[in-house]
Number of protein chains: 2
Amino acid sequence: MSGGPVLALVGATGAVGTVMISIINNRETVPWGEIRLIASARSAGKKIHVRGEDLTVVELTPEAFDGVDVAMFDVPDEVSARWAPIAAARGAVAVDNSGAFRMDDEVPLVVPEVNADRIGDRPKGIIANPNCTTLSMMAAIGALHREFGLRELVVASYQAASGGGQAAIDRLRAEVEAVSGKQVGERAGDVREALDAAGLPVSDSPFPAPLALNVVPWAGSLKDDGWTSEELKVRNESRKILGIPDLKVSATCVRVPVVTTHSLAVHAVFERPVTVGQAHKIFEEQPSVVLVDEPEAQRFPTPADVVGGDPTYVGRVRQALDFPNALDFFVCGDNLRKGAALNTYEIAEELAGRL
Amino acid sequence: MSGGPVLALVGATGAVGTVMISIINNRETVPWGEIRLIASARSAGKKIHVRGEDLTVVELTPEAFDGVDVAMFDVPDEVSARWAPIAAARGAVAVDNSGAFRMDDEVPLVVPEVNADRIGDRPKGIIANPNCTTLSMMAAIGALHREFGLRELVVASYQAASGGGQAAIDRLRAEVEAVSGKQVGERAGDVREALDAAGLPVSDSPFPAPLALNVVPWAGSLKDDGWTSEELKVRNESRKILGIPDLKVSATCVRVPVVTTHSLAVHAVFERPVTVGQAHKIFEEQPSVVLVDEPEAQRFPTPADVVGGDPTYVGRVRQALDFPNALDFFVCGDNLRKGAALNTYEIAEELAGRL
């Protein structure tokens, strides 16, 4: 690697950072002259294999951004809030995967196949990557919106544990082991008792209720009027990405015992009439969407069948029976890839082409 | 027991029949002078303990209905289709939990707390019990409808394995054991491989995809235009029970790795304005509904916490931000109890009071 722009990855040793490095390693070509891995002091000095070279992780300092063209951030909100402006001040474009800047009017919120045109308009030198739940459906929704004009979204999510990071994955696996072989799930509280007996009280969990053999209608933190932060992100980020400030959205976000890949049941109402055939054609023509919709053969996307993939998978496409200009469908997207690392990297690649 | 009406239970040894007997055994009082257990020839002669007596299961024959006042049927559609009219012809009122008669114009479809007034209008001598998914939300929806006038429902389900009977429960438990302790769920197809390795290929499953560490957007059989039978039941049965022939409904039915208790994310639009406070009051005043809605404490219903209970549990009640007169909420109901056996028995009790 030489001669191209310099890419930095901040949070290189985290869950999303690890997926990011695997994406970089699997890319056929990359435009970068140098790749710099940045993490906290604790991880500095660690060596990570990137495209044939062992790179040494460097500590997050202002000087780490010297000469950097594009700096991708996969770190907690408060770390991004502090450090993305520092990277920008040093001349890098910061592509941030935290929630710190998503609703900032001076920061574009970008899904390249939906609104790549927004990438150039970044007065703060920062571009935000959407929340994983919003991202898991946005490529499919954006393609339909271009053609039919989206007006309303009613969404229910089936969110994977890994949205909560590695600790949440470990917790789900431990819970599955704790209930395996036990006759629980038929009496109120018996799943909690099995977890207690295994030394896994819910009070120690990243989830507010058992997740094995259960579903938990809660993700994120409580905001106004009973809505969770996750539900409001789906609403507000969809509006911003699609450029529809008055889009009507209701979302219910529910955690399910799936390791990775978010699913959503989507009810979408459009300005113009839309048929299943037209929707199929649009999904088939959209490069980042894969249509899996053969109901006669009971073929549809499921998290376990699509996890690890880059595209957004869509199936169960039906014309609403009672709502004009409306479709119901089911969508699955890997929340660590398109939902996080992949979209961030796609923004960085798009930037590289414009430098 | 003597002097009261005679109750027959057809399908006494099945999954729902077993729950039915436990409901009968746990009732403080019952109005019946005699309880008769009826099943296929294979189960005839078996003894089952009912309210202090060992009752002998008798074979399903026309004569088995002689003297019966109310005959509850928990058997497959085709058995009900044949035998419910025979019971009726012998003078019994048949209360049928199959899908055979639900959409028959001459058969009322009853949820006692919603439309008990329909019980008397039964020209065929048959009353139908709704599908478990519809029933899991109907007590809550019906209470809101009475006050605010329901116009639209957009529903996504989180359906338990036991909707598919005991074989489906056994399958889910076997799948959980097969994935327990394994690092699967992060690569497409690895859950299927773990099931294959455990001798549990999906081709042998009652579900069309892995259910452990997965969600499956399919329940029932394929009907017109990509809709499943389960999704159409939610629409058509809700219309009939609520007496709203033009109710707008879109449902997406999804199976989740939960043993028992269906959950639904509901978006409901009403004729008149409705606040969270008003909805809370209505749920609190409805005897068969339990409100669990303290978002500050992250308290909401989950299947593992309410399974085995009679009521419909409601939480996460929010006023829709962008849709006038609309609420979003989450509801859990035990699909074997209120969703099947309990509602059937409540209809039978209601009939006993009118004999």
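From a predicted model like this one, the values you see are computed outputs, not experimental measurements. (Residues numbered from 1 in each chain as written. Chains lettered and ligands numbered in written order. Predicted model: local features only at pLDDT ≥ 70, side-chain atom pairs only at ≥ 80, totals over all residues. Heavy atoms only, no water.)

**Points about the sheet that holds strand β1 (residues 6-10) of chain A**
Residues and elements named next belong to chain A.
Alright, step 1. Read across the sheet, six strands follow the order β5-β2-β1-β6-β7-β8 without closing on themselves; strand pairing throughout is parallel. Strand pairing shows two members of the sheet lacking a second neighbour, β5 (58-59) and β8 (126-128), which therefore form its edges.
Alright, step 2. Where β1 lies against strand β6 (residues 70-73), four bridges are found, and the strand directions are parallel. Within the sheet, the bridge partner assigned to valine 10 lies in β6 and is phenylalanine 73.
Alright, step 3. Along the sheet, helix α1 (residues 15-26) contacts β1, β2 (34-39) and β6; its crossing angle with β1, the most-contacted strand, is approximately 150°. (Pairing = 2+ DSSP bridges. Helix = DSSP H or I, 4+ residues; strand = E, 2+ residues; numbered from the N terminus. Contact = heavy atoms within 4.5 Å. Axes fitted to C-alpha atoms, helices over the stretch in contact; angles between N-to-C directions.)

**Structural notes on the packing of helix α5 (residues 166-179) of chain B against helix α6 (residues 190-197) of chain B**
Residue and element names in this part refer to chain B.
Alright, step 1. Taken N-terminus to C-terminus, the directions of α5 and α6 make an angle of 100°; their axes are 9 Å apart at the nearest point. Judged by the angle between their axes, α5 and α6 are roughly perpendicular. Contacts between α5 and α6 pair Arg171, Glu175, Ala178 and Val179 from the former with Val191, Ala194 and Leu195 from the latter. (Parallel < 35°, antiparallel > 145°, perpendicular 65-115°, else oblique.)

**Let's talk about the interface of chain B and chain A**
Alright, step 1. Opposite the 81 residues of chain B that make contact, chain A presents 81 residues.
Alright, step 2. Taking both partners together, chain B and chain A bury about 6,300 Å²; carbon and sulfur atoms supply 60% of that area.
Alright, step 3. The partner of glutamate 231 of chain B in a salt bridge is arginine 316 of chain A, with the nearest N and O atoms 2.7 Å apart.
Alright, step 4. Scanning the region where chain B abuts chain A turns up 42 residue pairs in polar contact (both at pLDDT 80 or more).
Alright, step 5. Among the residues forming the side of chain B that touches chain A, the class breakdown is 44 nonpolar, 19 polar and 18 charged. (Buried area = accessible area lost by both parts, 1.4 Å probe. Salt bridge = Lys/Arg side-chain N within 4 Å of Asp/Glu carboxyl O. Polar contact = N/O pair within 3.5 Å; in protein donor to acceptor, adjacent residues only side chain to side chain. Nonpolar A, V, L, I, M, F, W, Y, C, P; charged D, E, K, R; others polar.)

**Considerations on the UniProt feature "binding site: phosphate" (unreviewed entry) in chain A**
All names here are of chain A.
Alright, step 1. When the UniProt feature table is mapped to this numbering, "binding site: phosphate" (unreviewed entry) covers Arg102.
Alright, step 2. Mapped onto the elements, arginine 102 comes out in the loop between β7 (93-96) and α3 (112-115).
Alright, step 3. Contact partners of arginine 102, with chain neighbours within four places excluded, come to Asn97, Val107, Leu109, Ala128, Asn129, Pro130, Asn131, Lys233, Glu237 and Lys240.
Alright, step 4. In this structure the side chain of arginine 102 is engaged in a polar contact, spanning 3.2 Å, whose partner is the backbone oxygen of serine 98. (UniProt positions renumbered as here; feature names shortened; annotations may be inferred.)

**Topic: helix α7 (residues 229-242) of chain A**
Residue and element names in this part refer to chain A.
Alright, step 1. Its 14 residues place the ends of α7 19 Å apart at the C-alpha level, agreeing with the 20 Å of an ideal helix rising 1.5 Å per residue.
Alright, step 2. The element α7 is largely enclosed, with a buried count of eleven among its 14 residues.
Alright, step 3. All of the buried residues in α7 are Ser229, Glu230, Glu231, Leu232, Val234, Arg235, Glu237, Ser238, Arg239, Ile241 and Leu242.
Alright, step 4. In the stretch just after α7, glycine 243 is the one whose phi turns positive, near 70°. (Expected span 1.5 Å × (residues − 1). Buried < 20%, exposed > 50% of the residue type's maximum accessible area, 1.4 Å probe, protein only.)

**Digging into the relation of the copies chain B and chain A**
Alright, step 1. Overlaying chain B on chain A yields an RMSD of 0.0 Å, the required transformation being a rotation through 180° with an accompanying axial translation of 0.0 Å. Such a turn and shift between the copies fits a two-fold axis.
Alright, step 2. Both copies share a contact surface, since 100% of the interface residues of chain B are interface residues in chain A too. (Least-squares fit on C-alpha atoms with pLDDT ≥ 70 in both.)

**A few points about the layout of surface pockets**
If a probe the size of a water molecule is rolled over the atoms, the empty space left behind becomes visible.
All names here are of chain A.
Alright, step 1. Taken as a whole, the second largest pocket encloses approximately 870 Å³ of empty space.
Alright, step 2. Considering the residues around the second largest pocket, the lining is formed by 39 residues, among which Val16, Val75, Pro76, Asn97 and Gly163 are closest to the centre.
Alright, step 3. If you list the elements that add at least two residues to the lining of the second largest pocket, you get α1, β2, α2 (77-89), α7 and α10 (337-352).
Alright, step 4. Split into classes, the residues belonging to the lining of the second largest pocket amount to 14 nonpolar, 18 polar and seven charged. (1 Å grid on protein atoms, 1.4 Å probe; cavity = no way out; pocket = protein on both sides within 12 Å on 5 of 7 lines; lining within 4 Å. Points joined across faces, edges and corners; volume = space filled by probe spheres on them.)

**Examining helix α5 (residues 166-179) of chain A**
Alright, step 1. Its 14 residues place the ends of α5 of chain A 20 Å apart at the C-alpha level, agreeing with the 20 Å of an ideal helix rising 1.5 Å per residue.
Alright, step 2. Among all positions of α5 of chain A, only Ala168, Ile169, Arg171, Leu172, Arg173, Glu175, Val176, Ala178 and Val179 of chain A are buried.
Alright, step 3. Contacts made by the buried residues of α5 of chain A are with α6 (190-197) of chain A together with α5 of chain B.
Alright, step 4. Of the residues one or two after α5 of chain A, glycine 181 of chain A is the one with positive phi, at around 80°.

**Overview of the sheet that holds strand β6 (residues 70-73) of chain B**
All names here are of chain B.
Alright, step 1. What the six strands build is an open sheet, ordered β5-β2-β1-β6-β7-β8; its pairing is parallel. This sheet does not close on itself; its edge strands, each paired only once, are β5 (58-59) and β8 (126-128).
Alright, step 2. As judged from the five bridges shared by strand β1 (residues 6-10) and strand β2 (residues 34-39), these two strands associate in the parallel manner. Residue pairing for β2: alanine 8 is matched across the bridge by arginine 36.
Alright, step 3. Across the sheet, helix α1 (residues 15-26) lies against β1, β2 and β6, angled at about 150° from β1, the strand it touches most.
Alright, step 4. Along the sheet face, helix α2 (residues 77-89) touches β6, β7 (93-96) and β8 and points at about 175° away from the line of β6.

**Comments concerning the side chain of arginine 171 of chain A**
All names here are of chain A.
Alright, step 1. Within the element layout of this structure, arginine 171 appears in helix α5.
Alright, step 2. Looking at arginine 171, the relative accessible area reads 6%, which means it is buried.
Alright, step 3. At a separation of 3.4 Å, a polar atom in the side chain of arginine 171 contacts the main-chain carbonyl oxygen of proline 201.
Alright, step 4. When residues no more than four places from it in sequence are discounted, the contact partners of arginine 171 are Leu195, Leu200, Pro201, Val202, Asp204, Ser205, Pro206 and Phe207.

**Thoughts on empty space enclosed by the protein**
Alright, step 1. According to the stated counting rule, one finds three cavities of 30 Å³ or more in the structure shown.
Alright, step 2. Its boundaries defined by the atoms lining it, the largest cavity holds a volume of some 110 Å³.
Alright, step 3. Every residue lining the largest cavity is counted, 16 residues in all, and those nearest its centre are Val154 and Ala156 of chain A together with Val154, Val155 and Ala156 of chain B.
Alright, step 4. The set of elements that each furnish at least two residues to the lining of the largest cavity consists of β9 (150-158) and β11 (262-270) of chain A together with β9 (150-158) and β11 (262-270) of chain B.
Alright, step 5. Looking at the lining of the largest cavity residue by residue, the class counts come to ten nonpolar, four polar and two charged.
Alright, step 6. A volume near 70 Å³ is recorded for the second largest cavity.
Alright, step 7. Of all the elements in the fold, those that place two or more residues in the lining of the second largest cavity are α5 of chain A together with α5 of chain B.

**Section: the domain arrangement of chain A**
Alright, step 1. Here chain A is partitioned into domain 1 (5-128 + 339-351), domain 2 (132-159 + 215-331) and domain 3 (162-202).
Alright, step 2. Taking only C-alpha atoms into account, the centre of domain 1 of chain A sits 35 Å from that of domain 3 of chain A. (Domains from an automatic or database assignment.)

**Some thoughts on the state of the cysteines**
All names here are of chain B.
Alright, step 1. By the definition in use, this model includes zero disulfides over all chains.
Alright, step 2. Cysteine 253 forms no disulfide, and the closest cysteine sulfur to it belongs to cysteine 132, at a distance of 9.2 Å.
Alright, step 3. Summary of cysteine pairing: cysteine 332 is not part of a disulfide, and the nearest cysteine sulfur, belonging to cysteine 132, is at 14 Å. (Disulfide = S-S within 2.5 Å.)

**What about the packing of aromatic side chains?**
Alright, step 1. Scanning all chains against the criterion turns up 13 aromatic pairs over all chains.
Alright, step 2. On the numbers, 6.4 Å between centres and 65° between planes, the contact of tryptophan 32 of chain A with tyrosine 345 of chain A is edge-to-face. Pair noted here: tryptophan 32 of chain A is in the loop between α1 and β2 and tyrosine 345 of chain A is in helix α10, with a separation of 313 residues, a long-range link.
Alright, step 3. For tyrosine 345 of chain A, a relative accessible area of 0% corresponds to the buried category.
Alright, step 4. A cation over a ring is seen here: arginine 318 of chain A above tryptophan 227 of chain B, with NZ or CZ 4.5 Å from the ring centre. (Phe/Tyr/Trp six-rings, centres within 6.5 Å; stacked < 30°, edge-to-face > 60°. Lys NZ or Arg CZ within 6 Å of the ring centre and 35° of its normal.)

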